[in-house]
Amino acid sequence: MVETVKLIILSFFASLGFGIVFRIEKKNLLWAALGGALTRCFYLFVLSLTDQRLIYSVLASIFAALYAEIMAARQKMPSTVFLYPSIIPLIPGDLLYNTAVGFLLQDASAMATNARDCALTLVGMSVGFVIVSTITYYKRIYYVGKNFMGHLLQPRKQ
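Residues numbered from 1 in each chain as written. Predicted model: local features only at pLDDT ≥ 70, side-chain atom pairs only at ≥ 80, totals over all residues. Heavy atoms only, no water.

A. Molecular detail of the overall build of the chain. Along its length, the chain carries seven helices and zero strands. When the elements of the chain are put in sequence order from the N terminus, they spell out α-α-α-α-α-α-α. Counting every position in the chain, which comprises 158 residues, the buried fraction comes to 35%. Put simply, of all contacts in the chain between residues at least 6 apart along the chain, 63% involve residues at least 24 apart. In the form shown here, the chain has an accessible surface area of approximately 10400 Å², with 68% of it arising from carbon and sulfur atoms. (Helix = DSSP H or I, 4+ residues; strand = E, 2+ residues; numbered from the N terminus. Buried < 20%, exposed > 50% of the residue type's maximum accessible area, 1.4 Å probe, protein only. Contact = heavy atoms within 4.5 Å. Areas by Shrake-Rupley, 256 points an atom, 1.4 Å probe, with all protein chains shown as cover.)

Structure, rendered in structure tokens:
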């Protein structure tokens, strides 16, 4: 339990530091850092339910992207202001490091295992972001007043 709380607090400060480095406005900085802490909470929750790396990576990135979209609409800012700090806890830095160490030490089995896990995590994150961005894109088109089905069926201009 103490380790979990420590991870959540460290995720908050890592996201806060990332926001400071990228000069997020003060009024949005705490919200962006909170996104990192909440993403870590959700990640740990999903991790307790399944051990499938791809599944918990997709679900955690969907959570981070949804948080970013909600905060962007609420604060009237681009979603990237909240998305980038929110995904900091999901970045598989340890796997990338261990892959490089396995390569340098010529330990092919450790390198392959870590590289596979790193790739699964990154693919899962990408899929989660694409799902949320696609849904929110079509939601915006629908609510802006365009005909949703007409937009989907309209021929592409070349």
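B. Region of interest: the packing of helix α2 (residues 26–49) against helix α4 (residues 80–87). Where α2 meets α4, the axes come as close as 7 Å, and the angle between the chain directions of the two elements is 40°. Taken together, the axes of α2 and α4 are oblique relative to one another. Where α2 crosses over α4, the handedness of that crossing is right-handed. Along the contact surface, α2 presents Asn28, Trp31, Ala32, Gly35, Gly36 and Thr39, while α4 presents Val81, Phe82, Pro85 and Ser86. When the residues that make up the contact of α2 with α4 are grouped by side-chain class, the tally is five nonpolar, five polar and no charged. (Axes fitted to C-alpha atoms, helices over the stretch in contact; angles between N-to-C directions. Parallel < 35°, antiparallel > 145°, perpendicular 65-115°, else oblique. Left-handed = near helix turned anticlockwise from the far one by under 90°. Nonpolar A, V, L, I, M, F, W, Y, C, P; charged D, E, K, R; others polar.)

C. Inspection of the environment of isoleucine 131 at higher detail. Within the secondary structure, isoleucine 131 is located in helix α6 (residues 108–144). The exposure class of isoleucine 131 is partly exposed, given its relative accessible area of 36%. Measuring from C-alpha to C-alpha, the distance between isoleucine 131 and serine 61 comes to 9.6 Å, with 70 residues separating the pair along the chain.

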